[in-house]
Amino acid sequence: MTIETTVPVTHPNGIATVVPRVVSRARLAGMKMTLRSAQIPTFQVCRTLDLAPALAWRTSTFTATEVLIIAAARALRLYPAAHTCLVDDRVHEYTRTRVGILVRNHDALLPLVFVDAELSFPDVLRAERAELEVQLSSGRLPAERTLAPTFVISNLGNRSVDWFTAVLFPDTAMTLAVGSLGAPGLTPYQCRAVLTCDHRLVDGLDGTELLDAMGTCIPDPHHETRRGEPAPGRPS
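Everything in this summary refers to the structure shown in the same document. (Residues numbered from 1 in each chain as written. Predicted model: local features only at pLDDT ≥ 70, side-chain atom pairs only at ≥ 80, totals over all residues. Heavy atoms only, no water.)

Broken down by element type, the protein carries five helices and twelve strands. A compact globule built from 236 residues would reach a C-alpha radius of gyration of about 18 Å, and the protein, at 19 Å, matches this within 12%. By principal-axis analysis of the C-alpha atoms, the protein measures approximately 70 × 40 × 40 Å. Sequence separation of at least 24 residues holds for 58% of the intrachain contacts in the protein that already meet a minimum separation of 6. With the model as given, the accessible surface of the protein reaches about 13000 Å², and the carbon-plus-sulfur share is 55%. Each charge sign in the protein was given a centre, from 23 positive and 24 negative side chains, and these centres are 5 Å apart. (Helix = DSSP H or I, 4+ residues; strand = E, 2+ residues; numbered from the N terminus. Rg over C-alpha atoms; globule rule 2.2 N^0.38 Å. Contact = heavy atoms within 4.5 Å. Areas by Shrake-Rupley, 256 points an atom, 1.4 Å probe, with all protein chains shown as cover. Lys, Arg positive; Asp, Glu negative; His and termini not counted. Charge placed at Lys NZ, Arg CZ, Asp CG, Glu CD.)

See below:
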């Protein structure tokens, strides 16, 4: 972000002084998105997610972010009501999961989109995410990897934020905000998750069921196989 070094002018309140600030087109698009979202009736539901099945066995470099992406994609498959949008005032269901994780790009936030993440594994997804971040920083990221997410996660867990709420992302029924692992009152592998929901598409029970499903869909790399068979002792 750059700031014009112009002569300060008086704010319309007649007291403060301001200078014009130049923002990117992506930032302007985000401002318009926020205004659109403000017109949508929303509500929030919150619960604690336990990521221990994935992180307690961690021997690789994957993070809580990859675990959450996979859990969200799996839960969306179980509860398709949460995987919907409005098209011409009619409810439509998405056919493939496109989970977006919000990342900073200069002065704006963009969703990095992961398609069919329910079929992936945390370490595989981590390698994919690292490559996408390199492409984003170098300006080589394909546009489709930042467009049309069907579910969005905003994760501020690495910023020592206990919990927060996120603005509903356009064309999604739900947007998830995730706080830090091990926040006060939680175990080291737990985090607070707040789901912002579009009340035109879903109700409180839908939001609760989606969060509950995420809790049961945490990947378990210690038991899950690469060929897609169920882990020993689990139903097929």
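Relative to the helices and strands, Ala 16 is located in the loop between β2 (9–10) and β3 (17–18). Along the backbone, Ala 16 and Thr 165 are 149 residues apart, and their C-alpha atoms lie at a distance of 30 Å. Here Ala 16 is in contact with Val 9, Thr 10 and His 11, once residues within four sequence places are set aside.

Judged by pairing direction, the sheet is mixed, and its six strands sit side by side in the order β5-β12-β11-β10-β8-β9 without closing on themselves. Only two strands of the sheet have a single neighbouring strand rather than two, namely β5 (42–50) and β9 (108–115). Taken pair by pair, the neighbouring strands of this sheet meet at an average axis angle of 25°, ignoring direction. Alignment of strand β11 (residues 174–178) against strand β12 (residues 190–198), held across five bridges, turns out to be antiparallel. Bridge pairing in β12 links Met 174 to Cys 197. Taken strand by strand, helix α3 (residues 64–78) contacts β5, β8 (98–105), β9, β10 (151–155) and β11, and its axis lies near 155° from that of β10. Helix α5 (residues 204–216) rests against β5, β10, β11 and β12 of the sheet, and its axis sits at about 20° to β5. (Pairing = 2+ DSSP bridges. Axes fitted to C-alpha atoms, helices over the stretch in contact; angles between N-to-C directions.)

For the rest of this paragraph, the subject is the packing of aromatic side chains. Using the criterion set out here, one finds zero aromatic pairs in the structure. Here Arg 145 stacks its cationic end above the ring of Phe 114, 5.9 Å away from the centre of that ring. (Phe/Tyr/Trp six-rings, centres within 6.5 Å; stacked < 30°, edge-to-face > 60°. Lys NZ or Arg CZ within 6 Å of the ring centre and 35° of its normal.)

Next up on the list: the environment of Leu 28. Positionally, Leu 28 belongs in helix α1 (residues 25–38). Distance in space between the C-alpha atoms of Leu 28 and Ala 117 is 29 Å, their sequence separation being 89 residues.

Residue position: Asn 155 is located in strand β10. Relative accessible area serves as the criterion here: at 19%, Asn 155 is assigned to the buried category. With residues up to four places along the chain from it excluded, the contact list for Asn 155 reads Thr 65, Leu 68, Ile 101, Val 178 and Gly 179. (Buried < 20%, exposed > 50% of the residue type's maximum accessible area, 1.4 Å probe, protein only.)

A word on the pattern of salt bridges. All told, the structure shown has eight salt bridges when counted by the stated rule. For Asp 212, the salt bridge identified is with Arg 47, shortest N-O distance 3.0 Å. Separated by 165 residues along the polypeptide, Asp 212 in helix α5 and Arg 47 in strand β5 bring together distant segments of the chain. Arg 47 gets classed as partly exposed once you look at its relative accessible area, which sits at 28%. Between Glu 128 and Arg 145 there is a salt bridge, with the nearest N and O atoms lying 2.6 Å from each other. Residue Glu 128 is located in helix α4 (residues 122–137), and its partner Arg 145 is located in the loop between α4 and β10; the two are separated by 17 residues in the primary sequence. Overall, Arg 145 belongs to the buried group, its relative accessible area being 19%. Residues participating in the shared-partner salt-bridge network are Glu 66, Arg 126, Arg 129 and Glu 133. (Salt bridge = Lys/Arg side-chain N within 4 Å of Asp/Glu carboxyl O.)

Nothing here speaks to function; it is geometry throughout.
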